[in-house]
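Per-entry structural report
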Amino acid sequence: MRIEEVKKSERKRGRFLVRLEDGDVLRVTEEELLRFGLRPGLELDEAAEAVRASAKSSSAKATAANMIGSRALSKKELTRRLIQKGNEASDAQAAADWLEDIGAVDDAGYAAALVRHYGGKGYGPARVKEELRRRGVDRSLWDEALEEMPEAAEILDELIRKKRKGDLSDPKEKKRVSDGLMRRGFAWSDIRAAMGRYTDMMEDGYD
């Protein structure tokens, strides 16, 4: 397989486009260009597959770095998105491993940030756990991350004040509010206790 053309990419800094005689275009780094001695007229022969494999691996790493640069992702989430973009599973995993090794992917830190974010938005432990699961955070990291959650009582007291539209002694109003809080991921025992605190405050003349 002969190389027809080698030129710098106009879109990606540090990238080179290597056009082969069959029309295929390999996107390689400068390091690969030098390592394989890639130049117009070169017959790749047995090195063709090695160059293709290296180019695919480098492309996956570049895509992964761009993804992480725009928003935080878990390692599993990153790997899944790379595969969805057409990268081989092995290249996607290697790219995710590489970013983890250099500290760009940090699932423990990501999990803690998710807990703080959703806890701060007024969601309970069950809903936050579901978000951790959905985003591919390993179960072994949940407990430590959940230590970042605000106290359920503090969140619930504020939510009840905001969401109450009528008297909580009314069964329909009580059910409406409690159903909404359960959908947010709070346990019934915590909701019941918070409603009890609110009722006591109302009886004492506070709102």
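Turning to the overall build of the protein chain, a few remarks are in order. Broken down by element type, the protein chain carries 10 helices and 3 strands. Here the C-alpha radius of gyration of the protein chain, 27 Å, is well above what a compact globule of 207 residues would show, namely 17 Å. Each principal axis of the C-alpha distribution contributes one length, and for the protein chain these read about 90 × 30 × 25 Å. The 207 residues of the protein chain split such that 37% are buried. Excluding contacts between residues fewer than 6 apart, the proportion of contacts in the protein chain whose partners are at least 24 apart in sequence is 50%. Total accessible area computed for the protein chain in this model is approximately 12,600 Å², and 47% of it derives from carbon and sulfur atoms.

Further remarks concern the pattern of salt bridges. All told, the structure shown has 20 salt bridges when counted by the stated rule. We note a salt bridge from Glu77 to Arg81, for which the minimum N-O separation is 4.0 Å. Of this pair, Glu77 and Arg81 both sit in helix H3 (residues 75-84), 4 residues apart, roughly one helical turn. We classify Glu77 as buried; its relative accessible area is 5%. Overall, Arg81 belongs to the partly exposed group, its relative accessible area being 28%. The partner of Glu173 in a salt bridge is Arg176, and the shortest N-O contact between them spans 3.0 Å. Taken together, the residues span about one helical turn, with Glu173 and Arg176 both in helix H9 (residues 171-183) at a distance of 3 residues. Using a relative accessible area of 10% as the deciding quantity, one classes Glu173 as buried. Given the relative accessible area of 35%, Arg176 is considered partly exposed. Residues participating in the shared-partner salt-bridge network are Asp22, Asp24, Glu49 and Arg52.

Before going further, it helps to spend a moment on the sheet that holds strand S1 (residues 3-8). As summarised here, the arrangement of the 3 strands in space is S1-S2-S3, forming an open sheet in which the pairing is antiparallel. Edge strands, defined here as strands with exactly one partner in the open sheet, are S1 and strand S3 (25-29). Strand-to-strand, the axes of this sheet are offset by a mean angle of 25 degrees, without reference to chain direction. Pairing of strand S2 (residues 15-20) with S3, which is carried by 5 bridges, proceeds in the antiparallel orientation. Bridged to Leu17 within S3 is Arg27.

Calculation criteria
- Residues numbered from 1 in each chain as written.
- Predicted model: local features only at pLDDT ≥ 70, side-chain atom pairs only at ≥ 80, totals over all residues.
- Heavy atoms only, no water.
- Helix = DSSP H or I, 4+ residues; strand = E, 2+ residues; numbered from the N terminus.
- Rg over C-alpha atoms; globule rule 2.2 N^0.38 Å.
- Buried < 20%, exposed > 50% of the residue type's maximum accessible area, 1.4 Å probe, protein only.
- Contact = heavy atoms within 4.5 Å.
- Areas by Shrake-Rupley, 256 points an atom, 1.4 Å probe, with all protein chains shown as cover.
- Salt bridge = Lys/Arg side-chain N within 4 Å of Asp/Glu carboxyl O.
- Pairing = 2+ DSSP bridges.
- Axes fitted to C-alpha atoms, helices over the stretch in contact; angles between N-to-C directions.

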